[in-house]
Amino acid sequence: STPVRQASCGATHAAVSARVRKRAGSCSPSVSPRPGTVTPMFLSDVVRLSYLADGPRLAKEYLSKNGIHLVTERHLPRTFLDGAAMKLPDDTRLVALTLRHDRLDNFWFTLSHELAHVGLHLDHSDVDVIFDDLDAESSEAWEREADEMAAEALIPAREWKEFKQSHGKSADQVKAFAERLRVHPAIPAGRIRFEKHNYHLLNDLVGRGQVRRQLEIDSR
């Protein structure tokens, strides 16, 4: 990821930042901003919305009611941006997602990761913007911290360890595990694919093509 003061953005990041800030300005959150909103419990509450058929849309509404913008933007060709977390001049927080991978597993991880940046980093530093290419390896401490907070919210470490030790990884077993946790099957399916470095596994569970159609994206 790239943490920056807004004035030092690269050209692509600056263009994306300006565009999503304009989008955010046309649709204010339902309440005033409250830095410190994003806690582990709050993030778990957001993730549990994945259990519902219209989870991404509900997540956007839930964040708005807690003073956080969620803006989706068309992925720019030849760029590698998945998301960004921003602190706006009025002290609201903004999460922007490009949805370059239009899959539910990617949506829930990227959203959780950016929200973790809000709670862990934007609320406690003078950094204004963090941009993320989540396909890239990173050794930065705050990327590791955001990954860990997101992973724990999506699937608690204890639950994941037990599942890996005592169950196979068939589609039915993954769906049963997700049902017990009350999350979408895309979340454990995506975790399996990531850990095994095999993105051909469990294709029917990751919710391909199910995010854009729920969230309005202004491509103009």
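Provided above is the structure to which this section pertains.
Draft legend 1. Broad picture of the layout of surface pockets. By volume, the largest pocket is sized at about 910 Å³. Phe109, Leu134, Asp147, Phe194 and Tyr199 are the residues nearest the centre of the largest pocket, which is lined by 29 residues in total. Secondary structure elements with two or more residues in the lining of the largest pocket: helix H4 (104-120), helix H5 (141-154) and helix H8 (186-196). Broken down by element, the residue count for the lining of the largest pocket peaks at 6 residues, all from H8. For the lining of the largest pocket, a count of residues per class yields 11 nonpolar, 7 polar and 11 charged.

Draft legend 2. Local environment of the pairing of strand E2 (residues 68-72). Most of E2 sits out of view: 5 of its 5 residues are buried. The pairing of E2 with strand E4 (residues 93-97) spans 5 bridges and is parallel. Residue Val71 lies in a different strand from E4, and its bridge partner there is Ala96.

Draft legend 3. Structural view of the packing of aromatic side chains. Per the stated rule, a full pass over the model turns up 5 aromatic pairs. Between Trp160 and Phe163, the aromatic rings sit 5.6 Å apart at their centres with planes inclined by 35 degrees, giving tilted as the arrangement. With a gap of 3 residues between them, Trp160 and Phe163 both fall in helix H6 (residues 157-166), about one helical turn apart. Across this residue pair, the class does not change: Trp160 and Phe163 are buried. Taken together, a centroid distance of 4.2 Å and an interplanar angle of 15 degrees make the contact between Phe163 and Phe177 stacked. Of this pair, Phe163 sits in helix H6 while Phe177 sits in helix H7 (residues 171-181), and the two are 14 residues apart along the sequence. What makes Phe163 buried here is its relative accessible area of 2%. With relative accessibility at 3%, the residue Phe177 sits in the buried group. By way of ring pairs, the aromatic residues Trp160, Phe163 and Phe177 are connected into one cluster. Positioned above the aromatic ring of Phe163, the side-chain terminus of Lys169 is 5.4 Å from the ring centre.

Draft legend 4. Here's a closer look at the pattern of salt bridges. Evaluation of the coordinates by the stated rule reveals 13 salt bridges. The shortest N-O distance in the salt bridge between Arg93 and Asp123 comes to 2.7 Å. Placement of Arg93 in strand E4 and of Asp123 in the loop between H4 and strand E5 (129-132) is noted, with a sequence separation of 30 residues between them. For the pair Arg93 and Asp123, one class covers both residues: buried.

Draft legend 5. Inspection of the environment of Val46 at higher detail. For Val46, the location among the structural elements is in helix H2 (residues 40-48). We classify Val46 as buried; its relative accessible area is 1%. Setting aside anything within four residues of it in sequence, one finds Val46 in contact with Ala59, Tyr62, Leu63, Trp108, Leu111 and Leu115.

Draft legend 6. Representation of unusual backbone geometry in the model. One non-glycine residue, Arg182, lies in positive phi territory at about 60 degrees. Backbone geometry places His197, a non-glycine residue, at a positive phi of 55 degrees. Along the polypeptide, His197 turns up in the segment after H8. Residue class for His197 comes out exposed when judged on its relative accessible area of 65%.

Draft legend 7. Examining the nonpolar core more closely. With 47 residues, the main nonpolar core has Val46, Leu63, Phe107, Trp108, Leu111 and Leu115 as its most contacted residues. In this structure Trp108 touches Val46, Val47, Leu49, Ser50, Gly55, Pro56, Ala59, Leu154 and Ile187, once residues within four positions along its chain are discounted. Residues Leu81, Met86, Leu88 and Leu94 belong to the second largest nonpolar core, which totals 9 residues.

Draft legend 8. Here's a closer look at H4. Across its 17 residues, H4 extends 24 Å between first and last C-alpha, which sits within 8% of the 24 Å expected from 1.5 Å per residue. Most of H4 is tucked away: 15 of the 17 residues are buried.

Thresholds applied
- Residues numbered from 1 in each chain as written.
- Predicted model: local features only at pLDDT ≥ 70, side-chain atom pairs only at ≥ 80, totals over all residues.
- Heavy atoms only, no water.
- 1 Å grid on protein atoms, 1.4 Å probe; cavity = no way out; pocket = protein on both sides within 12 Å on 5 of 7 lines; lining within 4 Å.
- Points joined across faces, edges and corners; volume = space filled by probe spheres on them.
- Helix = DSSP H or I, 4+ residues; strand = E, 2+ residues; numbered from the N terminus.
- Nonpolar A, V, L, I, M, F, W, Y, C, P; charged D, E, K, R; others polar.
- Buried < 20%, exposed > 50% of the residue type's maximum accessible area, 1.4 Å probe, protein only.
- Pairing = 2+ DSSP bridges.
- Phe/Tyr/Trp six-rings, centres within 6.5 Å; stacked < 30°, edge-to-face > 60°.
- Lys NZ or Arg CZ within 6 Å of the ring centre and 35° of its normal.
- Salt bridge = Lys/Arg side-chain N within 4 Å of Asp/Glu carboxyl O.
- Contact = heavy atoms within 4.5 Å.
- Core = buried A, V, L, I, M, F, W, Y, C linked by side-chain atoms within 4.5 Å.
- Expected span 1.5 Å × (residues − 1).

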